[in-house]
Amino acid sequence: MDKIKYSRGQKVFVISSKPYRDTCDICKGVGEIKLKGRFYTCPECDGNGKTYIYNRKWRIFEGTIKTIYINEAGSISYTVCSKLNGDYIDSIDECDIFIDKKSALAACRKRK
Ligand SMILES: [Zn+2]
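Going along each chain's sequence as written, the residues are numbered from 1 onward. Whole-chain, interface and lining totals are the exception, using all residues; otherwise, since this is a predicted model, local features are given only for residues with pLDDT of at least 70 and side-chain atom pairs are given and counted only at 80 or more.

Give a description of the environment of Trp58 that names residues and reports values.
Mapped onto the secondary structure, Trp58 falls in the loop between β5 (50-53) and β6 (59-70). Exposed residues have 12 or fewer other C-beta atoms within 10 Å of their own C-beta, buried residues have 20 or more, and partly exposed residues fall in between, where C-beta atoms are placed from the backbone. Judged by C-beta crowding, with 16 C-beta atoms within 10 Å, Trp58 ranks as partly exposed. Residues Trp58 and Pro43 lie 15 residues apart in sequence; the distance between their C-alpha atoms is 27 Å. Beyond its immediate stretch of four places on either side in the chain, Trp58 contacts Ile15, Ser17, Cys108, Arg111 and Lys112. Only runs of H or I of at least four residues qualify as helices and only runs of E of at least two qualify as strands under DSSP, and these elements are numbered from the N terminus. Once C-beta atoms are placed from the backbone, any two residues with those atoms within 7 Å are in contact.

Laid out in structure tokens, this is it:
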């Protein structure tokens, strides 16, 4: 079995191309839109103020390691809590996790 490189609670930079939640573009995060003087629940985000972004581009997010998962074959993956929106992103491979932003940026550029 491989040695576990990162530990729980550790602050890391992750590169990912998975969909992520960000502030809704239609309501700007308010959750409501105004039409003819009335307020309506934003149809884009259902009033959450956040929507999923599916651009499939590699990007960096900062977060904290929450869980470490080792499967039967001995490969390791992590769940990281994103600093951006508090979401949990799981099944992150060790090769997509970095201690410093500079290394994460360099790796991210290579993926594009
Ligand atoms: Zn919205």
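Summarise the sheet that holds strand β8 (residues 88-93); cite the residues concerned and give the values.
Strand pairing is assigned whenever DSSP detects at least two bridges linking the two strands. Taken together, five strands build an open sheet; the order of strands is β8-β7-β6-β1-β9 and the sheet is antiparallel. Since the sheet does not close on itself, it has two edges, and those belong to β8 and β9 (97-98), each with one partner. Alignment of β6 against strand β7 (residues 76-82), held across seven bridges, turns out to be antiparallel. Residue pairing in the sheet places Thr67 in a bridge with Thr79 of β7.

Run through the pairing of strand β3 (residues 32-35), naming residues and quoting values.
Bridge count between β3 and strand β4 (residues 38-41): four bridges; the pairing is antiparallel. What sits directly across from Ile33, in β4, is Tyr40.

An account of the nonpolar core is requested, with residue identities and associated values reported.
The nonpolar side chains of a soluble globular protein tend to be buried with one another. Counting 10 residues, the largest nonpolar core is built from Val12, Phe13, Val14, Ile15, Tyr78, Val80, Ile92, Ile97, Ala104 and Cys108. Those elements that place two or more of their residues in this core are β1 (11-16), β7 and α1 (101-111). With four residues, the single largest contributor to this core is β1. Under the definition applied here, buried Ala, Val, Leu, Ile, Met, Phe, Trp, Tyr and Cys residues are grouped into a nonpolar core through C-beta atoms within 7 Å.

Can you explain the pairing of β1? Please cite residues and give values.
A large share of β1 lies buried, amounting to five of its six residues. In terms of strand pairing, β1 meets β9 through two bridges, oriented antiparallel. By the bridge assignment, Val14 is partnered in β9 with Ile97.

How would you sum up the environment of Gly63? Please name residues and give values.
With respect to the helices and strands, the residue Gly63 is situated in strand β6. C-alpha separation for the pair Gly63 and Tyr88, spaced 25 residues apart in sequence, amounts to 9.2 Å. Residue contacts for Gly63: discarding those within four places in its chain leaves Val12, Val14, Val80, Cys81, Ser82 and Lys83.

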